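# Examination of the molecular architecture
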Amino acid sequence: MSFRGLSRPNASCAMAAAEHSKNAFMELQRKKVHRYVIFRVDEKKREVVVEKIGGPAESYDDFVAALPENDCRYAVYDFDFVTSDNCQKSKIFFIAWSPSTSRIRAKMLYATSKDQFRRELDGIHYEIQATDPTEMDLEVIKERAH
């Protein structure tokens with residue numbers, strides 16, 4: 001009888017948000033000290049942790065460049081814009097980044113953990129699931145925000 005793989009976490013188990021992940025989101029949402037936060041799943045700790053935080057002066061292009069080309073991530077992005085009535089607004093986007101070139105195991109892990117993690121981030125306005133950069137292009141963000 002083989003028990004190979006029993007010591008590894010199951011890819012279908014949802015991962016909880018680490019406390020510092022929730023705190024980083026709250027700082028982005030309430031204090032506006034971050035432009036974006038990128039999260040990754042830490043299988044050993046069995047939680048979603050912060051991988052990178054973008055300062056308030058960073059652009060959307062900086063954010064997209066910070067996402068890995070071949071691996072999945074979650075991210076929140078604080079999008080500032082001016083309405084047609086000349087009002088300054090801000091909308092928070094949750095982005096589930098799952099590039100087609102990432103490993104199947106990673107895609108499964110991120111897909112099964114997404115809903116639980118997203119529920120722990122209260123205050124998200126829009127959600128985008130992207131498998132390539134065109135699905136989360138700045139024009140897509142602008143269109144959803146207006």
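Below is a summary of the structure that appears in this document. Model, not experiment: these values are computed from the prediction.

### Here we look at helix H3 (residues 104–119)
The end-to-end C-alpha distance of H3, which contains 16 residues, comes to 24 Å, matching closely the 22 Å that a straight helix rising 1.5 Å per residue would cover. By the burial criterion, the buried members of H3 are Ala 106, Leu 109, Tyr 110, Ser 113, Lys 114 and Phe 117.

### A few points about the nonpolar core
Core analysis: the biggest nonpolar cluster contains 21 residues, and Tyr 74, Val 76, Phe 94 and Phe 117 have the highest contact counts within it. Residue assignment for this core shows that the elements contributing at least two residues are helix H1 (19–31), strand E2 (36–42), strand E4 (73–82), strand E5 (88–97) and H3. When residues in this core are grouped by element, the largest group, 4 residues, is from H3. In this structure Phe 117 touches Ala 17, Ser 21, Phe 39, Val 48, Tyr 74 and Phe 94, once residues within four positions along its chain are discounted. In this structure, Phe 63, Leu 67, Phe 79 and Phe 81 belong to the second largest nonpolar core, which totals 17 residues.

### Notes on the packing of aromatic side chains
Each aromatic ring pair is described using two quantities: the centre-to-centre distance and the angle formed by the ring planes. Across all of its chains, the model carries 12 aromatic pairs by this definition. Ring centres of Phe 79 and Phe 81 lie 5.6 Å apart, and the angle between their planes is 20°; on these two criteria the pair is classed as stacked. Side by side, Phe 79 and Phe 81 carry an identical accessibility label, which is buried. Ring geometry for Phe 94 versus Phe 117: centroids 6.2 Å apart, planes at 50°, classification tilted. In this pair, Phe 94 sits in strand E5 while Phe 117 sits in helix H3, placing the two residues 23 residues apart along the sequence. By relative accessible area, Phe 94 is classed as buried at 0%.

### What to know about the pattern of salt bridges
Where side chains of opposite charge bring their charged atoms close, a pairing between them can arise. Summed over all chains, the structure comprises 10 salt bridges. Here Arg 73 ties to Asp 71 by a salt bridge, and the two come within 3.2 Å at their closest N and O atoms. The exposure class assigned to Asp 71 is partly exposed, which follows from its relative accessible area of 22%. Residues joined in a network through salt bridges with shared partners are Lys 114, Asp 115, Arg 118 and Glu 127.

Cut-offs and rules
Residues numbered from 1 in each chain as written. Predicted model: local features only at pLDDT ≥ 70, side-chain atom pairs only at ≥ 80, totals over all residues. Heavy atoms only, no water. Helix = DSSP H or I, 4+ residues; strand = E, 2+ residues; numbered from the N terminus. Expected span 1.5 Å × (residues − 1). Buried < 20%, exposed > 50% of the residue type's maximum accessible area, 1.4 Å probe, protein only. Core = buried A, V, L, I, M, F, W, Y, C linked by side-chain atoms within 4.5 Å. Contact = heavy atoms within 4.5 Å. Phe/Tyr/Trp six-rings, centres within 6.5 Å; stacked < 30°, edge-to-face > 60°. Salt bridge = Lys/Arg side-chain N within 4 Å of Asp/Glu carboxyl O.

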